[in-house]
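Summary of the model geometry
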Amino acid sequence: MTTQQPDWPAYLAHMESVLGVTLDDARRAELQLQFSRIAGMAAPLMALPLDDRLEIAGVYKA
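Residues numbered from 1 in each chain as written. Predicted model: local features only at pLDDT ≥ 70, side-chain atom pairs only at ≥ 80, totals over all residues. Heavy atoms only, no water.

In the annotation of an unreviewed UniProt entry, the entry for the protein chain reads Oxalurate catabolism protein HpxX, and the organism field reads Enterobacter nematophilus.

Right, here's the structure in full:
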């Protein structure tokens, strides 16, 4: 199974637009680095196979 790498520059550009903030190049580069690190740490957990018989968490609806 292959996983596609996230497009962090596109994600950050979109979030800048949605949140109405402007990042300088240094801050944008640091965020891309941190997101890549976080994704790398999460990858083994996300790849862990789960038993099909596990119950899913309930969803709160107001």
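**Points about the pattern of salt bridges**
In plain terms, the rule: We count a salt bridge whenever a side-chain nitrogen from Lys or Arg sits within 4 Å of a carboxyl oxygen from Asp or Glu. A run of DSSP states H or I qualifies as a helix once it reaches four residues; a run of E qualifies as a strand once it reaches two. Both are numbered from the N-terminal end.
For the coordinates displayed, the defined rule picks out two salt bridges. Note that Arg28 and Glu16 form a salt bridge whose closest N and O atoms lie 2.9 Å from each other. Linking Arg28 in helix α2 (residues 25-47) with Glu16 in helix α1 (residues 8-19), this pair joins segments that are twelve residues apart in sequence. In this structure, Arg28 engages Asp25 in a salt bridge whose closest nitrogen and oxygen atoms are separated by 2.8 Å. Of this pair, Arg28 and Asp25 both sit in helix α2, three residues apart, which is roughly one turn of the helix. Here the salt bridges share partners, and the residues they tie into one network are Glu16, Asp25 and Arg28.

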